[in-house]
Amino acid sequence: MKAVFLSDAHLKRAADERYGCLIRFLTELGEGRVRFLAGDEKAGRVNTAIDDLYILGDFFDFWFCRPDRIYPEFQQVIRKLVELQQRGVRIHLCEGNHDFFMREYFHDMLGMDVIEESAAIELDHGRAFIAHGDTLDEKNVLYLALRKILRSRAFYHFQRLIPAPVLWAIAGFSSATSKTVTLEDGEVLVEKMFARAAQKLFKEFDTVILGHCHVPVLRYLDGEDRRKTFAALGDWIFHNSFLYYEDGQFFMGNYPVGLGNRRESFGEKLDIPASSC
Ligand SMILES: [Mn+2]
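Given the structure is predicted, the values throughout are model-derived calculations rather than measurements.

Some words on the overall build of the chain
No. 1: Helix and strand counts for the chain come out as 8 helices and 13 strands.
No. 2: In the chain, which comprises 277 residues, the proportion classed as buried is 36%.
No. 3: Expressed as a percentage of contacts within the chain between residues at least 6 apart in sequence, the contacts between residues at least 24 apart total 67%.

Focus: the nonpolar core
No. 1: Residues Val-4, Phe-5, Leu-56, Ile-209, Ala-231, Leu-233 and Leu-243 are the most contacted members of the largest nonpolar core, which totals 65 residues.
No. 2: Once residues lying within four places of it in the same chain are set aside, the contact partners of Ile-209 are Phe-5, Leu-56, Ala-128, Ile-130, Ala-231, Leu-233 and Leu-243.

A short note on the packing of helix α1 (residues 17–30) against helix α2 (residues 75–86)
Helix-helix packing is described using two parameters, namely the angle between the two axes and the distance between the axes.
No. 1: It is the contact of α1 with α2, at a shortest axis distance of 10 Å, that shows an interaxial angle of 15 degrees. Comparing their axes, α2 and α1 come out roughly parallel. For α1 against α2, the interelement crossing comes out left-handed. For the pair α1 and α2, contact is made by Tyr-19, Leu-22, Ile-23, Leu-26, Thr-27, Leu-29 and Gly-30 and by Gln-76, Val-77, Lys-80, Glu-83 and Leu-84, respectively.
No. 2: Broken down by class, the residue content of the contact of α1 with α2 amounts to 7 nonpolar, 3 polar and 2 charged.

Comments concerning the pairing of strand β11 (residues 227–233)
No. 1: Among the 7 residues in β11, 5 count as buried, and that is most of the element.
No. 2: Judged from the 4 bridges that link them, strand β9 (residues 207–210) and β11 form a sheet pairing that is parallel. Directly across from Ile-209, in β11, lies its bridge partner Ala-231.
No. 3: Note: strand β10 (residues 216–222) against β11, 7 bridges, orientation antiparallel. Counterpart to Val-217 in the pairing with β11 is Ala-232.
No. 4: A loop of 4 residues connects β10 with β11, the two strands running antiparallel in sequence.

Describing the sheet that holds β9
No. 1: Reading across from one edge, β7-β8-β9-β11-β10 is the order of the 5 strands in this open sheet, with mixed pairing throughout. Every interior strand has two partners, whereas the edge strands, β7 (118–123) and β10, have only one. Recorded for the sheet is a direction-independent mean angle of 15 degrees between the axes of neighbouring strands.
No. 2: Where helix α7 (residues 186–199) meets the sheet, it contacts β9, β10 and β11, and its direction lies at approximately 150 degrees from that of β11.

Structural notes on unusual backbone geometry
No. 1: Phi is positive for His-212, close to 75 degrees, though the residue is something other than glycine.
No. 2: Residue position: His-212 is located in the loop between β9 and β10.
No. 3: Owing to 27 C-beta atoms within 10 Å, His-212 belongs among the buried residues under this scheme.

Some points on the environment of Asn-240
No. 1: Assignment of secondary structure puts Asn-240 in the loop between β11 and β12 (241–246).
No. 2: Taking the C-beta count within 10 Å as the criterion, Asn-240 has 23 such neighbours and is therefore assigned buried.
No. 3: It is 8.0 Å that separates the C-alpha atoms of Asn-240 and Leu-22, two residues lying 218 residues apart in sequence.
No. 4: Residues contacting Asn-240, with those up to four places away along its chain left out, are Cys-21, Asn-254, Tyr-255 and Val-257.

Here's the deal with the confidence of the model for the chain
No. 1: Confidence in the prediction for the chain averages 84 pLDDT; 86% of positions are at 70 or higher.
No. 2: Here residues 259–277 is modelled with pLDDT under 50, and outside its nearest four sequence neighbours on either side it reaches 28 contacts, counting other chains as well.

Quick word on the pairing of β12
No. 1: Burial of β12 is extensive: 5 of the 6 residues sit out of reach of the surface.
No. 2: Sheet analysis places strand β1 (residues 2–6) next to β12, joined by 4 bridges and oriented antiparallel. Considered in β12, the bridge of Lys-2 is made with Glu-246.
No. 3: Bridge count between β12 and strand β13 (residues 249–254): 6 bridges; the pairing is antiparallel.

Observations concerning the environment of Leu-221
No. 1: Here Leu-221 shows up in strand β10.
No. 2: When the C-alpha positions of Leu-221 and Phe-202 are compared, they lie 9.4 Å apart, and in sequence the two are 19 residues distant.
No. 3: Every residue in contact with Leu-221, bar those within four places of it in the chain, is listed here: Ala-198, Phe-202, Lys-228 and Phe-230.

About the thresholds
Residues numbered from 1 in each chain as written. Predicted model: local features only at pLDDT ≥ 70, side-chain atom pairs only at ≥ 80, totals over all residues. Helix = DSSP H or I, 4+ residues; strand = E, 2+ residues; numbered from the N terminus. Buried ≥ 20, exposed ≤ 12 C-beta atoms within 10 Å, placed from the backbone. Contact = placed C-beta atoms within 7 Å. Core = buried A, V, L, I, M, F, W, Y, C linked by C-beta atoms within 7 Å. Axes fitted to C-alpha atoms, helices over the stretch in contact; angles between N-to-C directions. Parallel < 35°, antiparallel > 145°, perpendicular 65-115°, else oblique. Left-handed = near helix turned anticlockwise from the far one by under 90°. Nonpolar A, V, L, I, M, F, W, Y, C, P; charged D, E, K, R; others polar. Pairing = 2+ DSSP bridges. pLDDT = per-residue confidence, 0-100.

Take a look at the structure:
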C-alpha cells in the first residue's frame, strides 16, 4: 500500500504560492511521481502511483457548505482532487478547525471519503489513528465548546441563510483574525500531541498521524512489543511537507519549491530513508 498524508494547506487564493505548489504536487501524484527533499537537502523521487491520499484538515482556510456555490478560488484544486480520484487514487478528507461541513459536497456529490473528527485506518503493518488534532487537548474546554457550537445543526442552518459571497467575505476576515488569537506555539502543541499519543492512543494504535500544529515531525517510540510511529504533518505554508507511506515504512518529505530542472532531472530512485526527529 502506498499513501500520501498532508494537512494544513490553508488554501485561500489560487494565485498564492502555496496553492500553486500544491497543484503541482497533486499533478505529479496523478502522473505517478512523488518528489521530495529529504532532511539533508538530497532531492529524490519515487516513481509510483499511490493508492490513497489523506488530507488531514485545514486544507481550505475556510469552507461553507454550498454544494451549488463553491468558492471560485477553490475550484481549481477541487478539479485536481477529482482528477486524482479518476486516476484511481482514493481521496480521504478529514475536517479541520477551519474547514468543516464537508460531507455534503465531497462525499455526497464527489464520492470522496470524509472524516468528521478522527478515523482508525488499516495500514500494511497495523492500525493507525488519524485526525486533524484540534480536539486532542481535552483541557481546552472553551475551544471544544466553541467547536461544538460551530458544528451544530443550528449553525449549519444559520450559515445556509447567509448569501455565499457575504460568507466568503466574513470567512476571509475571521480566519485572518483567528490565527493571531489562537495559534499556539507549534512546538508546544506537537509535544502535547505526542504525550497524548504516548499515554493513550498507542495502547490501541501502532501509528498516530495528526495535523494542526504546522510542525513536521516523524518520531518513533519503541514499545514493549512493537515500534510505534508518531507523525505530525507540518503544513503547506512554511514546509510543503508530507508523509509518504510504502509497505510498512514512513518517510517525511518536503516538496521541492523553485528548484528548477536541475533538481528535477535528479530523478534517481532513492531508498526511502526512515527519518526521525
Ligand atoms: Mn488546524
